[in-house]
Amino acid sequence: MNGLSQLFPTWPLAPSGLFWVGLALVGAGLAGEICRMYLRLPRIVGYAATGLLAGTLGRPIVDQTMIAQTRILIDMALALALFELGHRLSLVWLRANRWLLFTSASESLLTWGLVTAVLQWIGVSPTVAILAGGIAVSTSPSIVLQLKNELRAEGQVTERLMAMTALNSMYAAVIVQLATGWLHSEYGNLGAALLHPLYLLVGSCLLAWLVGKLSQAVYARMPADDQYSFLVLVGIVLFTLALTRLLKLSMPLTLLLAGVVFKHQDNQPRVWPAHFGSAGTLLIIVMVVSLGLPVTVRDWSIAGVAAIVLVLLRHLAKLGGVVSLGSFSGLSIRQCVALGVALGPMSGLAYLLMSDVARLYPETGEMLNAIVLCALAIEQIAAPVLAAWALRYAGEVRGNGGGR
């Protein structure tokens, strides 16, 4: 010990990043309860608003290092949500109701095409427009699951929402991977243009198959009534997340398909562990708050118009695609409208896809980064409100739906 200065706090006090993260989470929790109790809005709106406010007012504190450190928390929240969503996707149901699969594919293709074409028309470069259009296809797994649990939604629209969210996540990951291959060729790397997408797709599918088989082999030996058996699943999911980063594979595709394989290896399917959602709730809150931190005034100045266009067009395309074809899968017009609106949430998956491209090609990623961040700032506030309204409109919210 060199002196008394080591025993007492120094002045002025210099709180660490953990102090500000903790303060932001307290604020997010309070804002979420205010939204639920007084505004009759989903809690997640309060979380998102807190993140945006913290990012705007705390710009001197919220530096790139702090933002980079939140990436692992975003990845963990997404990994848990994607695996759970994959587990909820029934291939038997899709085979029996092929119009649902066709509706999902058509809606996603319409979203990609419309967003890509109009973004190019307003002056966005073709490469960025194609990538942004692919990201716009995605529906946020974490927000959809959070809303389902909070509102206690059950029914035909909710089940289709779960399935189409999983499918949209797969489509978005594949589109962005293929578009990244084209980006390799634009930068003159033809070998990477051919091999990189192939490696991502084949490698991710193989790893998903191995993880799904291993997960079921281990989990099947756990007592069905053991409330701690979910820890094995959480550990496997996080281990798989680490493997995708180590092997540089597609995390969304791997975790989704691993959940699908895990589900369909079970001859006696169990009820999904209730504690699994609770384990991911805190991570989802951290993720939603964190996604509001990076947005700057400069992002709005260079990409605000493009982001607004992307948001409006993706909602229009998803609604139009479902309303035009949803009735063939057994839905009424009212249910089609509800499903089309409920597909709107966009969050961490979009951020993940965008940041992976930006890491490879910062020049292209700068504009894409600005468009996606501004779009997320809008969607994380507006889309959960619309999705909650849609589920209520469909009559699938049970009880008070998380209200007072």
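Residues numbered from 1 in each chain as written. Predicted model: local features only at pLDDT ≥ 70, side-chain atom pairs only at ≥ 80, totals over all residues. Heavy atoms only, no water.

**Q** Just give me the short version of helix 16 (residues 348-360), but keep the residues and values in it.
**A** Taking 1.5 Å per residue as the helical rise, helix 16 with its 13 residues ought to reach 18 Å, and the 19 Å between its terminal C-alpha atoms agrees with that figure. Buried residues of helix 16: Gly 348, Leu 349, Ala 350, Tyr 351, Leu 352, Leu 353, Met 354, Ser 355, Asp 356 and Val 357, and no others. (Helix = DSSP H or I, 4+ residues; strand = E, 2+ residues; numbered from the N terminus. Expected span 1.5 Å × (residues − 1). Buried < 20%, exposed > 50% of the residue type's maximum accessible area, 1.4 Å probe, protein only.)

**Q** Explain unusual backbone geometry to me, using residue names and the numbers behind them.
**A** In this model, Arg 40 sits at a positive phi of 60 degrees, which is unusual for a non-glycine residue. On the secondary structure map, Arg 40 appears in the loop between helix 1 (17-37) and helix 2 (43-57). Even without glycine at this site, Lys 248 takes up a positive phi of about 60 degrees. Summarising the element assignment, Lys 248 is placed in the loop between helix 11 (230-247) and helix 12 (251-264). For Lys 248, a relative accessible area of 61% translates into the label exposed.

**Q** Residues and numbers for the environment of Trp 300, please.
**A** Locating Trp 300 in the fold gives a position in helix 14 (residues 297-325). Residue classification places Trp 300 among the partly exposed residues on the basis of a relative accessible area of 36%. For the pair formed by Trp 300 and Cys 374, sequence separation is 74 residues and the distance between their alpha carbons is 6.4 Å. Here Trp 300 is in contact with Val 295, Cys 374, Ala 377 and Ile 378, once residues within four sequence places are set aside. (Contact = heavy atoms within 4.5 Å.)

**Q** Please provide a residue-by-residue account of the confidence of the model for the protein chain, values included.
**A** Summing up the model confidence of the protein chain, the mean pLDDT is 85 and the portion of residues at 70 or higher is 86%. Mean pLDDT in the protein chain bottoms out at helix 3 (residues 64-69), which sits at 68, and peaks at helix 15 (residues 333-342), which reaches 96. (pLDDT = per-residue confidence, 0-100.)

**Q** With reference to specific residues and values, describe the nonpolar core.
**A** By size, the foremost hydrophobic cluster in this structure holds 114 residues, and its most contacted members are Leu 119, Leu 310 and Leu 368. When neighbours within four sequence positions are excluded, Leu 310 is seen to be in contact with Val 115, Leu 119, Ala 132, Ala 136, Met 346, Ile 371 and Ala 375. (Core = buried A, V, L, I, M, F, W, Y, C linked by side-chain atoms within 4.5 Å.)

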